[in-house]
Amino acid sequence: MEKTEQKDEKTKEAAVVVVEEEQVVNPWEVSAKDGGKIDYDKLIDKFGCQRLDETLIQRVERLTNRAPHVFLRRGVFFAHRDFNDILDSYEKGEKFYLYTGRGPSSEALHLGHLIPFMFTKYLQDAFKVPLVIQLTDDEKCMWKNLSVEESQRLARENAKDIIACGFDVSKTFIFSDFDYVGGSFYKNMVRVAKCVTYNKVVGIFGFTGEDHIGKVSFPPVQAVPSFPSSFPHLFSNDNIRCLIPCAIDQDPYFRMTRDVAPRIGYHKPALIESSFFPALQGENGKMSASDPNSAIYVTDSAKEIKNKINRYAFSGGQDSIEKHRKYGANLEVDIPFKYLGFFLDDDAELDHIRKEYGSGRMLTGEIKKRLVEVLTDLVERHRRARAAVTDEMVDAFMAVRPLPNMFN
């Protein structure tokens, strides 16, 4: 392990959720002072992870014999913990498994929710490895004040959207906490819980005296899918390593997990972490279920997508055509350009748009038109895939069964 990470995991594990006073980043809140932008360099420094550099991206391409995913090429996934160790093991012929998840708090997913699953699908295909997907219906029951029954219903609905991303049922196990927690999984939860003091969990997650004990006791639930023995029906080898693709706001859970893992006989999980997907109103805005115009949802019609982009997508263009032709667009704040950076796969076209729009030769209406086309196609393809997902398919993905072809 690098010296920087040793220092950060021992002395900064409680620096935690608050990055100075300028920004708050934790699993339940992401905000910057005075509505500003998140400073990812500062976040990396405080969390103690590493930048995902071009050398690692090129290594992924060489090991998988396929072009890096657009989210890698453009820095959407920008930070990691021990990803280089995962690649070292893979190069030696040692396998690993993937673990990611979803907190099912709403029936409809927005595009930001799809990003980790789109990227995880690429990782599964590229490395030919198994995947476990945790649906934390218990967490959302406690944090969102949902009933147990409603949380379970939303978990199955969200599972359909996840399956629609194209995961291989022969390599993928989806589980909800309410249905699966017990046995070996619960034993690992207890092992983790015994290693984490109350003071430490308060330092990591910022719990207060007003939080009920369910919240304080939840972190081990999200920690233990990192350990292969939590899935005895899948893994007989307790030494297999785990890679977790997630947004960087989930890092506090896995800093705790990485601290505990060696003490209970497991490898530290590796992480590959993404930046945050911006709201339509700009990076200073917030995607909120209470404001449907803050995001594009996978249930939006073509008309709704067009209306949201044209009316609400924050523009870096000038306030008159004359000024725009003279000064060009500010690409640092322009949401249509940022969204194309996520979802327009063609690097040459994106570079052309960057030059034309940044110089003022392309107008705001033109870039918004192209974004509408890209997102309408993406959402329509997802809608068709989700419509084909039956309850029987959900049952198949969530069945506790061996995955005999999971490394083929």
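Residues numbered from 1 in each chain as written. Predicted model: local features only at pLDDT ≥ 70, side-chain atom pairs only at ≥ 80, totals over all residues. Heavy atoms only, no water.

Looking at this structure, I do not really get the pairing of strand β5 (residues 77–81). What am I missing?
Where a strand is regular, its side chains alternate between the two sheet faces. Summarising burial for β5: five of the five residues are buried, a large majority. Direction of pairing for strand β4 (residues 50–51) relative to β5: antiparallel, over a ladder of two bridges. Across the sheet, Gln 50 pairs through a bridge with His 80, a residue of β5. Looking at chain direction, β5 and strand β10 (residues 270–274) are connected through four bridges and run antiparallel. The partner of His 80 across the bridge, within β10, is Ile 272. (Buried < 20%, exposed > 50% of the residue type's maximum accessible area, 1.4 Å probe, protein only. Helix = DSSP H or I, 4+ residues; strand = E, 2+ residues; numbered from the N terminus. Pairing = 2+ DSSP bridges.)

I tried to follow the pattern of salt bridges on my own but got confused; where do I start?
Side-chain pairing between opposite charges can occur once the charged atoms of the two side chains come close. Per the stated rule, a full pass over the model turns up 36 salt bridges. Among the salt bridges present, the one from Glu 91 reaches Arg 59, with a minimum N-O distance of 2.8 Å. Here Arg 59 lies in helix α3 (residues 54–64) and Glu 91 lies in helix α5 (residues 83–91), a separation of 32 residues in the sequence. The shortest N-O distance in the salt bridge between Arg 153 and Glu 150 comes to 3.0 Å. Pair noted here: Arg 153 and Glu 150 are both in helix α8 (residues 148–163), with a separation of three residues, about one helical turn. Among the charged side chains, a salt-bridge network with shared partners connects Arg 156, Glu 157, Lys 160, Asp 161, Arg 386, Asp 391 and Asp 395. (Salt bridge = Lys/Arg side-chain N within 4 Å of Asp/Glu carboxyl O.)

When you look at the environment of Arg 66 in this model, what are you seeing that I'm missing?
When you line up the elements, Arg 66 lands in the loop between α3 and α4 (70–73). Separated by 193 residues in the primary sequence, Arg 66 and Asp 259 have C-alpha atoms spaced 34 Å apart. Ignoring any residue separated from it by four or fewer positions in sequence, one finds Arg 66 in contact with Glu 61, Tyr 122, Asp 125 and Ala 126. (Contact = heavy atoms within 4.5 Å.)

What am I meant to see in the layout of surface pockets here?
If a probe the size of a water molecule is rolled over the atoms, the empty space left behind becomes visible. The computed volume of the second largest pocket comes to approximately 600 Å³. In terms of lining residues, the second largest pocket is bounded by 20 residues, among which Arg 74, Gly 75, Ser 275, Lys 338 and Phe 342 are the most central. Within the residue set of the lining of the second largest pocket, elements represented by two or more residues are α17 (335–343) and α18 (347–359). Per element, the largest residue contribution to the lining of the second largest pocket is four residues, and it comes from α17. Among the residues forming the lining of the second largest pocket, the class breakdown is 10 nonpolar, three polar and seven charged. (1 Å grid on protein atoms, 1.4 Å probe; cavity = no way out; pocket = protein on both sides within 12 Å on 5 of 7 lines; lining within 4 Å. Points joined across faces, edges and corners; volume = space filled by probe spheres on them. Nonpolar A, V, L, I, M, F, W, Y, C, P; charged D, E, K, R; others polar.)

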